[in-house]
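What the coordinates show
Below, each chain spelled out in residue letters.
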Amino acid sequence: QVQLVESGGGLVQAGGSLRLSCVASGRIFSINAMGWYRQAPGQQRELVAIIISSGTTNYANSVKGRFTISGNAKNTVYLQMNSLKPEDTAVYYCNARQLGGIGGDYWGQGTQVTVSS
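Everything in this summary refers to the structure shown in the same document. (Residues numbered from 1 in each chain as written. Predicted model: local features only at pLDDT ≥ 70, side-chain atom pairs only at ≥ 80, totals over all residues. Heavy atoms only, no water.)

1. Description of the sheet that holds strand β1 (residues 2–7)
The sheet built from four strands is open, its strands ordered β1-β3-β8-β7 with antiparallel pairing. Every interior strand has two partners, whereas the edge strands, β1 and β7 (67–70), have only one. Strand-to-strand twist in this sheet, taken as the mean axis angle between neighbours without regard to direction, amounts to 15°. Direction of pairing for β1 relative to strand β3 (residues 18–26): antiparallel, over a ladder of six bridges. What sits directly across from Q3, in β3, is S25. (Pairing = 2+ DSSP bridges. Helix = DSSP H or I, 4+ residues; strand = E, 2+ residues; numbered from the N terminus. Axes fitted to C-alpha atoms, helices over the stretch in contact; angles between N-to-C directions.)

Given below as structure tokens:
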């Protein structure tokens with residue numbers, strides 16, 4: 001099993017910044033991709049950003065230029081969120097998986113990010 005623990009969420013004013021952290025523990029040997037997803041009320045969970053162990057990253061169009069993902073994509077991932085907007089308000093979930101294999105897909109418990117206008 002893999003356990004993911006997120007931290008760093010909170011309340012921030014529009015234009016402000018937050019940094020989310022996620023640490024994985026357990027059977028993480030096969031993990032080679034980690035990312036952040038978010039889910040706002042009444043909406044589907046969506047990919048925010050992902051990083052693979054090579055360092056390659058991908059971002060949702062809505063956060064490009066404002067958010068930066070980093071980490072080793074094995075047991076740590078971070079999300080630096082700048083220029084936050086009210087529409088960024090959501091529960092943010094850390095995800096870890098094995099790309100190119102049949103390993104598991106793991107999720108954290110979520111951390112609330114609220115951006116006030």
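Let us keep going from here.
2. Some details on the packing of aromatic side chains
All told, the structure shown has one aromatic pair when counted by the stated rule. A ring pair is formed by Y37 and W107, whose centres lie 4.9 Å apart and whose planes are at 65°; its orientation type is edge-to-face. Remark: W107 occurs in strand β10 (residues 105–107) and Y37 occurs in strand β4 (residues 33–39); sequence separation between them is 70 residues. With a relative accessible area of 14%, Y37 lands in the buried category. The residue whose ring lies beneath R45 is W107, and the NZ or CZ to ring-centre distance is 4.7 Å. One cation-aromatic arrangement involves K74 over F29; the distance from NZ or CZ to the ring centre is 5.9 Å. (Phe/Tyr/Trp six-rings, centres within 6.5 Å; stacked < 30°, edge-to-face > 60°. Buried < 20%, exposed > 50% of the residue type's maximum accessible area, 1.4 Å probe, protein only. Lys NZ or Arg CZ within 6 Å of the ring centre and 35° of its normal.)

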